[in-house]
Amino acid sequence: MARTLSLSSKPKKSASPSKKKGVRPVITKKVTKAPAKTANKAPAKKAAPKKSDVKAVAAKKPAPLSKAPKAAKVTKAVVKPAAPVSKVSKTSTDWSKDPFNAKLKPAEKIGFLREMLRIRRFEQQALKHYNNGAMGGFLHLYIGQESVAVGTASLMNGKDEIITAYRDHGHALAVGMGMDECMAELFGKGTGCSKGKGGSMHFFAPDKHYWGGHGIVGGQAPLGMGLAFALKYKGLKGCAVAFLGDGAVNQGVFSECLNMAALFELPVVFVIENNGYSMGTSLERSSAIRHSLASRAEGFDVDWSLCGGFDLYELRANLGAVMEKARTKFRPHVLEVSTYRYYGHSVADANAKKYRSPEEIERYKTECDPITLWEKQLLKEKVITEAGIEKINAEAKAEAAAAADFAIASPWPSEESIFEDIYHEVDHQTEAGQTGRHFFSE
Ligand SMILES: Cc1ncc(C[n+]2csc(CCOP(=O)(O)OP(=O)(O)O)c2C)c(N)n1
Ligand SMILES: [Mg+2]
């Protein structure tokens, strides 16, 4: 079936772990590295896949692939000592002054708060109904990590594409999906974004450059790379951001992705949302190299860096820079972002408080909550008042409650619809299927 989906330097091992028990270190490291060395820097004609490999999409010459980047200057990476969690929001760098943040307008800053609050209230509402038995399947909550999705969506330029795993509600709302279609999807209703057939793990909105929502751990990484390939092939000045968890990096396919992304010089950014746990397994128990997961990229000549994900300014500054590098220099990048989830792996995770202490969860909530940190920041900047925050909060709550009402009132999908929207149908009955070209719903 010929269908193409729409488609250095070593860190010091001495990075001292936090003294507080159960608190992961946060290391900040900026890398600007030269493009691939000669071996990897074969002219794009050679670096590109063989014609036979892309038979279906090779109708025209992959011109953009020949625009290989020229050598850039190398900056030695600096690994700063690990900061305890309590210092995450108080690093010496003032990220608000970073070029990606300095020109933000008050309305934009307030908009970020609104988006984070919408995500949180949406999920709290969903949790209530899940616990009442209104939904089937799993419900993986993103609560605690909202800044990552909101920060990323705020950096997208209209051509960038994003893709994530099953913890996908936050990214969906951040790119502009409506609460109604998302809530209805959770309820399995026909008005859901995936017509009630996908559920929590399969929110999609290609028109908003959002490619889901994937349940196979690590499975979205090669798909994200495919999005990056398509962008480059089509000569679009965008990048693909593929999110994955700290557990997903151990999937073999991620290593394959790093190699291929470097070889083809693809505009892809892999964002590791390191929340410290993959299901009930802590990072300490799943990774031999604990000071950073992103450093594995080094073995594939892919740039990497780390940043805290609790402070929106810090996230935007770090991610903004590597997204821009991917778009303009065709340099893939792995950015590891420190974050934390308050709830269990999914709502069905009965051991959520057994593999980590309640004190640990409490500490992250009180010291690192991205929404609280952002509210404090905006109050400090006098961009908003306490009353203003409460108004936005109340609106988000009301919107989430209305979305639940909408979902409850919505019809179930019809029985016949089970045969609709099947891959086979798309492949064989559309023009895209006939020609093997199916890029971004063009
Ligand atoms: C290939 C595969 N193996 C195992 C699983 C079961 N599984 C679902 S989520 C998960 C943990 C992934 O953790 P992480 O990548 O850190 O993401 P997080 O849940 O923290 O967002 C596992 C092992 C799966 N869905 N797919
Ligand atoms: Mg994880």
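Rules of the game
Residues numbered from 1 in each chain as written. Chains lettered and ligands numbered in written order. Predicted model: local features only at pLDDT ≥ 70, side-chain atom pairs only at ≥ 80, totals over all residues. Helix = DSSP H or I, 4+ residues; strand = E, 2+ residues; numbered from the N terminus. Buried ≥ 20, exposed ≤ 12 C-beta atoms within 10 Å, placed from the backbone. Near = placed C-beta within 6 Å. Nonpolar A, V, L, I, M, F, W, Y, C, P; charged D, E, K, R; others polar. Pairing = 2+ DSSP bridges. Axes fitted to C-alpha atoms, helices over the stretch in contact; angles between N-to-C directions. Parallel < 35°, antiparallel > 145°, perpendicular 65-115°, else oblique. Left-handed = near helix turned anticlockwise from the far one by under 90°. Contact = placed C-beta atoms within 7 Å.

K.L.:
Please clarify how the overall build of the protein should be interpreted in this entry.
P.N.:
Looking only at helices and strands, one finds 15 helices and seven strands in the protein. Taken across its 442 residues, the protein has 47% of its residues classed as buried.

K.L.:
Would you mind going over the site of ligand 1 with me for this structure?
P.N.:
Lining the immediate environment of ligand 1, one finds 13 residues, of which Val217, Gly245, Gly247, Ala248 and Ser278 sit closest. Grouping the constituent residues of the shell around ligand 1 by class yields five nonpolar, six polar and two charged.

K.L.:
Can you help me understand the pairing of strand S7 (residues 333-338) in this one?
P.N.:
Where burial is concerned, most of S7 is hidden: six out of the six residues are buried. Burial of the side chains of S7 extends over both faces: His333, Leu335 and Val337 are buried on one face and Val334, Glu336 and Ser338 on the other. Relative to S7, strand S3 (residues 268-274) runs parallel, the two being bridged by six bridges. Directly across from Ile272, in S7, lies its bridge partner Glu336. Relative to S7, strand S6 (residues 303-308) runs parallel, the two being bridged by six bridges. Bridge pairing in S7 links Leu306 to Glu336.

K.L.:
How should unusual backbone geometry be read in this particular structure?
P.N.:
For residues other than glycine, phi is negative in most cases, and the peptide bonds are mostly trans. The residue after Gly212, namely Gly213, is reached through a cis peptide bond having omega 20°. The backbone of Glu265 shows a phi angle near 50°, a positive value even though the residue is not glycine. In this structure, Asp301 takes a positive phi of about 60° despite not being glycine. Mapped onto the elements, Asp301 comes out in the loop between helix H9 (283-286) and S6.

K.L.:
Please explain helix H4 (residues 146-155) as it appears in this structure.
P.N.:
Along an α-helix, residues three or four positions apart point the same way, because every turn accommodates 3.6 residues. Of all the 10 residues making up H4, nine are buried; the element is thus mostly covered by neighbouring parts of the structure. Of all the positions in H4, only Glu146, Ser147, Val148, Ala149, Val150, Gly151, Thr152, Ala153 and Ser154 are classed as buried.

K.L.:
Hey, could you run me through the packing of helix H3 (residues 106-131) against helix H13 (residues 386-409) in this one?
P.N.:
Relative orientation and spacing of two packed helices are given, respectively, by the angle between their axes and the distance between those axes. Axis separation between H3 and H13 bottoms out at 8 Å; the angle between their running directions is 40°. In terms of orientation, H3 lies oblique with respect to H13. Both H3 and H13 take part in a crossing whose hand is right-handed. The segment H3 lies against H13, with Leu113, Arg114, Leu117, Arg118, Arg121, Phe122, Gln125 and His129 engaging Ile392, Asn393, Ala396, Lys397, Glu399, Ala400, Ala401, Ala403 and Ala404. Classifying every residue of the contact of H3 with H13 gives nine nonpolar, three polar and five charged.

K.L.:
I would appreciate a short explanation of the pairing of strand S2 (residues 240-245) in the present structure.
P.N.:
Walk down a regular strand and you will see the side chains alternate between the two sheet faces. With six of its six residues buried, S2 lies for the most part within the structure. Of the two faces of S2, both are covered, the one formed by Ala240, Ala242 and Leu244 as well as the one formed by Val241, Phe243 and Gly245. For strand S1 (residues 161-163) and S2, the ladder comprises three bridges, and the chain directions are parallel. Bridge assignment links Glu161 to a residue of S2, and that residue is Ala240. By the bridge criterion, six bridges tie S2 to S3 in an arrangement that is parallel. The partner of Phe243 across the bridge, within S3, is Val271.

K.L.:
Can you walk me through the packing of H3 against H4 in this structure?
P.N.:
Packing of H3 against H4 brings their axes to within 9 Å, and their N-to-C directions diverge by 135°. Taken together, the axes of H3 and H4 lie oblique to each other. Relative to H4, the crossing made by H3 is right-handed. Where H3 abuts H4, its residues Phe112, Glu115, Met116, Ile119 and Arg120 lie against Glu146, Ser147, Ala149, Val150 and Ser154. Looking at the contact of H3 with H4 residue by residue, the class counts come to five nonpolar, two polar and three charged.

K.L.:
Looking at this structure, I do not really get the environment of Val383. What am I missing?
P.N.:
Along the polypeptide, Val383 turns up in the loop between helix H12 (370-380) and H13. We classify Val383 as partly exposed; it has 17 C-beta atoms within 10 Å. Spatially, the C-alpha atoms of Val383 and Ile110 are 7.6 Å apart, while their sequence positions differ by 273 residues. Residues in contact with Val383, not counting those within four places in the same chain, are Pro106, Lys109, Ile110 and Leu378.

K.L.:
Sorry, what's going on with the sheet that holds S1 here?
P.N.:
Spatially, the five strands line up as an open sheet ordered S1-S2-S3-S7-S6, and their pairing is parallel. With one partner strand each, in any of the chains shown, S1 and S6 form the two edges of the open sheet. Along the sheet, successive strands turn relative to each other by an average axial angle of 20°, direction set aside. Helix H10 (residues 312-329) contacts S2, S3, S6 and S7 of the sheet and is inclined by roughly 170° relative to S7.

K.L.:
Looking at this model, I keep getting lost on the environment of Lys109. Mind explaining?
P.N.:
Summarising the element assignment, Lys109 is placed in helix H3. Considering only alpha carbons, one finds Lys109 and Leu312, 203 residues apart in sequence, at a separation of 9.6 Å. Once residues within four sequence positions are removed from consideration, Lys109 is found in contact with Leu104, Leu378 and Val383.

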